[in-house]
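# Structure at a glance
One letter stands for each residue in the lines below.
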Amino acid sequence: MPQMNMIESIRSALDVMMDKDPSVVLMGEDVGYFGGVFRCTDGLQRKYGEHRVIDAPIAEGGIIGTAIGMGVNGLRPVPEIQFADYIYPGFDQIVSELARLRYRSSGEFFSPVTIRTPCGGGIRGGQTHSQSPEAIFAHVSGIKIVMPSNPYDAKGLLISSIESDDPVVFFEPKRIYNGPFDGDPEKPAVSWASHPKGEVPDGYYTVPLAEAEIVQTGEELTIITYGTLVHVAQAAAEAVGVDAEIIDIRSISPLDVDALVTSVNKTGRCIIAHEATRFGGFGAELAARVQKDCFYNLEAPIGRIAGWDTPYPHAFEWQYFPGKKRMIAGIKNMMEIE
Amino acid sequence: MANKSRLYIPRPSARPGDKPDFSYLDLVPAGSVDKPPIASRTRDIEYLSSGLVRVLDDDHQAVGPWDPNIDPGELQIALRWMLLNRVFDKRMWQIQRQGRISFYMEALGEEAISIAQGMALRQGDMCFPSYRNQGLYMYRGVKLVDMMCQCLSNTRDMCKGRQLPVMYHSAKANVFSISGNLGTQYPHAVGWAMASAIKGEDHIAASWVGDGATAEADFHQAITFAAVYHAPVILNIVNNQWAISTFQGFAGGERRPFASRGLGLGIPGIRVDGNDLLAVYATTLWAADRARRGGGPTMIELVTYRGGAHSTSDDPSKYRPKDEWDAFPLGDPIERLKQHLISGGHWSEEKHEELEEELKAEVLAAWKEAQQYGTMTEGPFLDPATMYDDVYAETPQHLESQRRRMIRVEGS
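Remember, it's a predicted structure, so these values are computed and weren't measured experimentally.

Secondary structure summary: chain B contains 12 helices and seven strands in total. The globule rule puts the C-alpha radius of gyration for 412 residues at 22 Å, and the 22 Å found for chain B is close to it. With 412 residues in all, chain B has 50% of them scored as buried. A fraction of 76% describes how many contacts in chain B between residues 6 or more apart in sequence connect residues 24 or more apart.

Written as structure tokens, this is what we have:
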């Protein structure tokens with residue numbers, strides 16, 4: 001089976017869908033001739049033409065707003081917002097228009113837009129190229145929120161997102177575009193080549209939305225996470241030597257609650273980890289859901305490991321990023337509670 | 001010029017108690033603006049954005065190069081639609097005042113825009129209206145009773161009780177869903193038009209915003225995209241002088257006409273007498289032909305006056321002279337078309353009164369029918385359990401569980 005990194009697998013998903021469905025169009029800043037600043041659309045304009053892979057003006061609200069109109073006119077637009085940090089000029093179009101069009105028109109109008117956007121830190125991006133704003137969007141009914149943690153899921157989830165008649169915000173954790181990252185910045189970079197999830201079929205397949213994946217099974221502790229921190233959690237659990245069950249939720253909204261509840265009811269301990277800031281973060285929703293359905297089986301308060309409640313600082317990136325050290329400390333704390 | 005900076009606050013020409021003053025409004029005689037070929041370069045037709053295209057002159061005659069030469073029979077039909085819009089609005093306003101609907105917005109004084117533009121567009125063209133374009137829905141075939149049911153949020157409400165009154169939609173009539181957030185429809189229209197061009201179809205899009213909403217980022221982003229990709233779209237700005245209490249100066253309309261907003265991007269602008277059905281029709285047809293033949297977007301500023309309050313929640317006597325509309329130099333669009341037809345021997349005061357009575361009866365009949373599907377106080381009522389539908393294409397588990405809980409707790 002071919003080996004792909006996450007950039008290649010995302011490109012492959014777009015390629016497969018553009019080939020399969022002539023209504024799929026891409027649009028975004030630098031996505032066309034150049035192929036995207038992260039190369040996710042490289043070669044697609046040459047293959048499918050300028051009318052289907054469209055370089056856009058620097059106006060995120062315009063990109064999302066016009067994509068909505070295209071979707072209403074029968075296309076299946078996949079706009080790219082170059083960095084999730086740039087998505088806010090399009091926020092009103094996402095929240096007030098894209099998410100609610102089906103609802104407010106009783107299903108007469110809808111727009112199947114999939115917004116792809118790289119998120120997260122660990123790339124020396126400073127406070128405007130490192131954010132993880134998924135919780136802001138998870139709060140909005142009518143859109144689906146997805147964040148893959150590996151090349152295989154990225155392709156399958158992106159195909160499912162494009163095929164969905166609902167709008168999707170598809171977050172791509174850019175720190176793991178080229179390889180899994182265990183949260184230790186001192187170690188040399190690892191590629192996807194040696195990772196089982198770097199094996200990606202060339203053709204069409206899907207990974208269903210709203211289904212979490214149990215990355216590893218365990219009995220002592222459940223770590224609920226997504227994106228880059230899936231790999232950090234695995235490395236930290238191994239370092240501590242705890243028999244942890246690690247769940248990659250993959251779809252933030254709608255959420256696969258059953259998978260979480262089943263696991264925590266089994267292990268009795270739960271850590272929730274995300275890179276985004278803690279206060280009002282998606283971890284709060286996860287904690288509330290787990291607490292409600294697992295209360296009598298919990299042996300310790302639910303723990304949260306997250307980014308600090310500050311902007312993402314450029315110089316203190318590794319003190320900010322909830323990396324391996326913080327994850328290890330969090331797990332040890334959790335396991336010490338009687 | 002002062003020797004230091006000073007914050008400038010725009011002030012309207014008249015406040016309550018003042019004599020209305022429209023001297024700020026640049027007017028030119030009817031028939032005095034040239035009609036260029038649709039293939040003209042923007043730079044050669046900049047005069048269209050600062051002039052004022054008018055066909056009906058002060059003696060109610062159709063004059064000049066923009067006269068679309070519409071058959072009087074067609075004009076009678078147009079008059080009927082405009083009058084229906086007004087009669088409908090008047091009735092719905094009363095109904096709101098009686099507390100039987102929660103909210104309403106009338107198009108008083110602006111009826112020519114929806115009707116003339118509806119006439120100039122083809123059925124396959126897609127409209128992205130503002131909240132004062134109810135005439136478009138009517139003209140394109142949405143039944144009065146369905147519009148009333150929407151305002152009532154009753155069992156036949158097209159929005160299933162989810163939207164404020166007047167936020168209609170009709171996929172069948174090719175009129176988009178009204179958001180309630182202002183100006184958001186502009187990029188949708190441009191995107192729709194881009195898709196039409198991508199697909200190689202000759203349908204065009206048209207959208208409407210008020211003078212106030214031209215200040216929104218969506219407006220500027222949309223017109224940039226329209227210009228960049230030569231989107232086949234008509235970008236209408238309904239300059240009715242007032243955005244609730246702020247006059248058009250607060251949208252930056254004091255120094256340059258709104259029609260010129262696109263010139264910097266190479267989008268031709270036409271400033272047109274919005275109360276002159278013939279001029280609105282002719283300029284819209286020009287822009288539509290241009291778009292259909294690959295000429296890209298045209299911006300049309302429709303100069304008009306908001307004859308009524310912004311909405312039933314507004315009281316314009318607090319911020320503008322009560323008699324300002326009477327003094328508006330472009331008059332009343334219905335009265336002007338009526339006088340035009342009368343002067344040609346194609347209409348009369350008696351026929352007009354008859355028509356108005358007939359339309360009142362039609363509206364009343366629709367209202368009686370609408371109430372059978374439920375009112376705010378009398379059943380049948382919409383089932384609140386439907387509130388979880390259409391959030392997504394398929395209702396996810398958490399919403400099904402909330403639906404069950406709501407039924408259990410609130411009853412159904």
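More follows now that the structure is in view.
Looking only at helices and strands, chain A has 12 helices and 12 strands in total. The C-alpha radius of gyration of chain A comes to 19 Å, within 12% of the 20 Å expected for a compact globule of 338 residues. Principal-axis analysis of the C-alpha atoms gives chain A an extent of 60 × 45 × 40 Å. Buried positions account for 59% of the 338 residues belonging to chain A. Sequence separation of at least 24 residues holds for 78% of the intrachain contacts in chain A that already meet a minimum separation of 6.

This paragraph deals with unusual backbone geometry. For the bond running from Ser253 of chain A to Pro254 of chain A, omega is -10°, close enough to zero to count as cis. Its place among the elements puts Pro254 of chain A in the loop between β10 (251–253) and α9 (257–267). A positive phi angle, close to 70°, is found at His60 of chain B, a residue other than glycine. Tracing the backbone shows His60 of chain B in the loop between α1 (47–50) and α2 (72–97). At Ile244 of chain B, a position not held by glycine, the phi torsion is positive, near 45°.

The subject of this paragraph is the interface of chain A and chain B. Listed per partner, the contact involves 36 residues of chain A and 36 residues of chain B. Put simply, the parts of the chain that give the side of chain A that touches chain B at least two residues each are α3 (60–72), α4 (91–98) and α5 (101–104) of chain A. Top element by residues in the side of chain A that touches chain B is α3 of chain A. It accounts for nine residues. Class assignment for the residues of the side of chain A that touches chain B results in 14 nonpolar, 15 polar and seven charged.

Residue and element names in this part refer to chain B. With seven of seven residues buried, strand β3 (residues 233–239) lies mostly within the body of the structure. What you see with β3 is no split at all: Val233, Leu235, Ile237 and Asn239 on one side and Ile234, Asn236 and Val238 on the other are buried throughout. Both strand β2 (residues 205–210) and β3 contribute to a ladder of six bridges, which runs parallel. Along β3, the bridge assignment pairs Ser207 with Leu235. A crossover links β2 with its parallel partner β3, the connecting element being helix α7 (residues 217–228), and its sense is right-handed.

A separate point is the sheet that holds strand β9 (residues 244–248) of chain A. One key point about sheets: their strands pair by backbone hydrogen bonds, in either a parallel or an antiparallel sense. Residues and elements named next belong to chain A. Strands sit in the order β7-β9-β8-β11-β12 across an open sheet of five strands; the sheet is mixed. Among the strands making up the open sheet, the edge pair consists of β7 (213–216) and β12 (303–307). For this sheet the average axis-to-axis angle between neighbouring strands, irrespective of direction, equals 25°. The strands that helix α10 (residues 282–294) touches are β8 (221–225), β11 (270–277) and β12; relative to β11, the one it contacts most, it runs at about 160°. On top of the sheet, helix α12 (residues 324–336) reaches β8, β11 and β12; it is set at about 165° to β12, its chief contact.

With that out of the way, let us pick up the domain arrangement of chain A. Residues and elements named next belong to chain A. Each assigned domain of chain A is listed here: domain 1 (6–198) and domain 2 (213–332). The C-alpha centroid of domain 2 is placed 24 Å from the C-alpha centroid of domain 1. The interface of domain 1 with domain 2 comprises 29 residues on the first partner and 30 residues on the second. Only α6 (134–138), β5 (144–146) and α7 (151–163) provide two or more residues apiece to the side of domain 1 that touches domain 2. Taken together, the residues that form the side of domain 1 that touches domain 2 break down as 12 nonpolar, 10 polar and seven charged.

By size, the foremost hydrophobic cluster in this structure holds 210 residues, and its most contacted members are Ala233 of chain A together with Val190, Ala193, Ala226 and Val233 of chain B. Considering every element that reaches this core, the biggest residue donor is α2 of chain B, with 11 residues. Sequence-distant contacts of Ala193 of chain B, that is, excluding residues within four places in its chain, are made with Ile204, Ala205, Ala231, Pro232 and Val233 of chain B.

Our focus in this paragraph is the sheet that holds strand β1 (residues 126–128) of chain B. All names here are of chain B. Here five strands make up an open sheet; going across it, the order is β1-β2-β3-β7-β6 and the pairing parallel. Here the strands that pair on one side only, and so sit at the sheet edges, are β1 and β6 (269–273). Averaged over all pairs of adjacent strands, the angle between strand axes in this sheet comes to 20°, irrespective of strand direction. Note: β1 against β2, three bridges, orientation parallel. Paired with Cys127 across the two strands is Ala206, which belongs to β2. Packed on one face of the sheet, helix α6 (residues 185–198) meets β1, β2 and β3 and runs near 170° to β2.

Bringing α6 of chain B into the picture now. Because an α-helix completes one turn every 3.6 residues, residues spaced three or four positions apart along the sequence face the same direction. Residue and element names in this part refer to chain B. The end-to-end C-alpha distance of α6, which contains 14 residues, comes to 20 Å, matching closely the 20 Å that a straight helix rising 1.5 Å per residue would cover. By the criterion of burial, α6 is predominantly enclosed, with 14 of the 14 residues buried. Where α6 terminates, the next one or two residues include Gly200, which has phi positive at roughly 75°.

Each assigned domain of chain B is listed with its residue range as follows: domain 1 (42–311 + 319–381) and domain 2 (383–412). Spacing between the C-alpha centres of domain 1 of chain B and domain 2 of chain B amounts to 37 Å.

Once that is clear, we can look at the confidence of the model for chain B. Averaged over every residue, the pLDDT of chain B is 97; residues scoring 70 or more account for 100%. At the level of chain-chain contacts, confidence expressed as ipTM amounts to 0.97, with global pTM at 0.98.

Our focus in this paragraph is the packing of α9 of chain A against α10 of chain A. Residue and element names in this part refer to chain A. The geometry of α9 relative to α10 is characterised by a closest axis approach of 9 Å and an angle of 55° between their N-to-C directions. Comparing the axis directions of α9 and α10 gives the class oblique. As α9 runs across α10, the sense of the crossing is right-handed. Across from Val257, Leu260, Val261, Val264 and Asn265 in α9, the residues of α10 making contact are Leu286, Arg289, Val290, Asp293 and Cys294. Residues that form the contact of α9 with α10 fall into these classes: seven nonpolar, one polar and two charged.

For the rest of this paragraph, the subject is the environment of Asp166 of chain A. Looking at the element boundaries, Asp166 of chain A is found in the loop between α7 and β6 (168–173). Between the C-alpha atoms of Asp166 of chain A and Ala99 of chain A, which are 67 residues apart in sequence, the distance is 8.3 Å. If near-sequence neighbours (up to four positions away) are discounted, Asp166 of chain A is found in contact with Lys144 of chain A together with Tyr392 and Ala393 of chain B.

Turning our attention to the packing of helix α1 (residues 6–20) of chain A against α7 of chain A. Residue and element names in this part refer to chain A. Contact pair α1 / α7: the axes reach a minimum separation of 8 Å and the direction vectors enclose 30°. On the basis of the axis angle, α1 is roughly parallel to α7. For the crossing formed where α1 meets α7, the hand is right-handed. Between α1 and α7, the residues in contact are Met6, Ser9, Ile10, Ser12, Ala13, Val16 and Met17 and Pro151, Tyr152, Ala154, Lys155, Leu158, Ile159 and Ile162, respectively. Split by residue class, the contact of α1 with α7 holds 11 nonpolar, two polar and one charged.

About the cut-offs
Residues numbered from 1 in each chain as written. Chains lettered and ligands numbered in written order. Predicted model: local features only at pLDDT ≥ 70, side-chain atom pairs only at ≥ 80, totals over all residues. Helix = DSSP H or I, 4+ residues; strand = E, 2+ residues; numbered from the N terminus. Rg over C-alpha atoms; globule rule 2.2 N^0.38 Å. Buried ≥ 20, exposed ≤ 12 C-beta atoms within 10 Å, placed from the backbone. Contact = placed C-beta atoms within 7 Å. Nonpolar A, V, L, I, M, F, W, Y, C, P; charged D, E, K, R; others polar. Pairing = 2+ DSSP bridges. Right-handed = clockwise from strand over helix to strand, strands pointing away. Axes fitted to C-alpha atoms, helices over the stretch in contact; angles between N-to-C directions. Domains from an automatic or database assignment. Core = buried A, V, L, I, M, F, W, Y, C linked by C-beta atoms within 7 Å. Expected span 1.5 Å × (residues − 1). pLDDT = per-residue confidence, 0-100. Parallel < 35°, antiparallel > 145°, perpendicular 65-115°, else oblique. Left-handed = near helix turned anticlockwise from the far one by under 90°.

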